[in-house]
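Listed below are the residues making up each chain.
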Amino acid sequence: MQNKAAKLVTRAKARDHVQPILRELHWLIVKERICFNIAITVFKCLNGVGPQYLSELLNSYVPNRSLRSMNENLLVIPTTNLKLGERAFSVGGPMIWNSLESHVRKSPTMAAFKKSLKTELFKRSLNH
């Protein structure tokens, strides 16, 4: 659906490759768009403006001894035995959050976070 919408907006031909069109429009591919929305929700939860029932599922990573990762704003990723379990917010949210670059996780405001996040995810989608 997204590919067809991109071609419609740019008036591209049906046989044209969609990747250059998405880059031109600066649109995230669907997989990265899902990561974007989950990361926004995690950011809100960590900053006290997200839903309480989701905030309770997130735990900050606190190492037992002094490590460099102490100041990285990481989350604990619960273990799961099933691939399906990775889709749960309690697992998927921290996985996506921890995969972000440090400067993105440490963004001071929602606007700065969204901008940094979209830029990072857009760069990731170009590499695939």
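In this text, all values refer to a predicted model and were calculated from it rather than measured experimentally. (Residues numbered from 1 in each chain as written. Predicted model: local features only at pLDDT ≥ 70, side-chain atom pairs only at ≥ 80, totals over all residues. Heavy atoms only, no water.)

This brings us to the overall build of the protein. Along the protein, the regular secondary structure elements total 7 helices and 0 strands. For the protein, contacts bridging at least 24 residues in sequence account for 47% of all contacts bridging at least 6. About 8900 Å² of surface is accessible on the protein, with carbon and sulfur atoms providing 54% of the total. (Helix = DSSP H or I, 4+ residues; strand = E, 2+ residues; numbered from the N terminus. Contact = heavy atoms within 4.5 Å. Areas by Shrake-Rupley, 256 points an atom, 1.4 Å probe, with all protein chains shown as cover.)

With that settled, consider the environment of Asn 73. Checked against the element boundaries, Asn 73 lands in the loop between helix H4 (52–55) and helix H5 (89–99). C-alpha of Asn 73 to C-alpha of Lys 106: the two residues are 33 residues apart in sequence and 7.1 Å apart in space. In contact with Asn 73, not counting residues within four places along its chain, are Trp 97 and Arg 105. Reaching out from Asn 73, the side chain makes a polar contact with the backbone oxygen of Arg 105 at a distance of 3.2 Å. (Polar contact = N/O pair within 3.5 Å; in protein donor to acceptor, adjacent residues only side chain to side chain.)

Before going further, it helps to spend a moment on the nonpolar core. Judged by nonpolar contacts, the single largest core of 20 residues is most densely connected at Trp 97, Leu 100, Phe 113 and Leu 117. Sorting elements by how many residues they give to this core places helix H3 (residues 30–46) first, with 7 residues. Once residues lying within four places of it in the same chain are set aside, the contact partners of Phe 113 are Ala 39, Ile 40, Phe 43, Trp 97, Leu 100, Val 104 and Ser 107. (Core = buried A, V, L, I, M, F, W, Y, C linked by side-chain atoms within 4.5 Å. Buried < 20%, exposed > 50% of the residue type's maximum accessible area, 1.4 Å probe, protein only.)

It is worth spelling out the packing of aromatic side chains at this point. To describe a pair of aromatic rings, you give the distance between the ring centres and the angle between the ring planes. Under the counting rule described, the total for this entry stands at 2 aromatic pairs. Taking the centre distance of 4.4 Å and the plane angle of 10 degrees together, the rings of Phe 43 and Phe 113 count as stacked. Of this pair, Phe 43 sits in helix H3 while Phe 113 sits in helix H7 (residues 110–127), and the two are 70 residues apart along the sequence. Of the two residues, Phe 43 and Phe 113, neither departs from the other in class, the shared state being buried. Clustering of aromatic rings is evident, with ring pairs tying together Phe 43, Trp 97 and Phe 113. (Phe/Tyr/Trp six-rings, centres within 6.5 Å; stacked < 30°, edge-to-face > 60°.)

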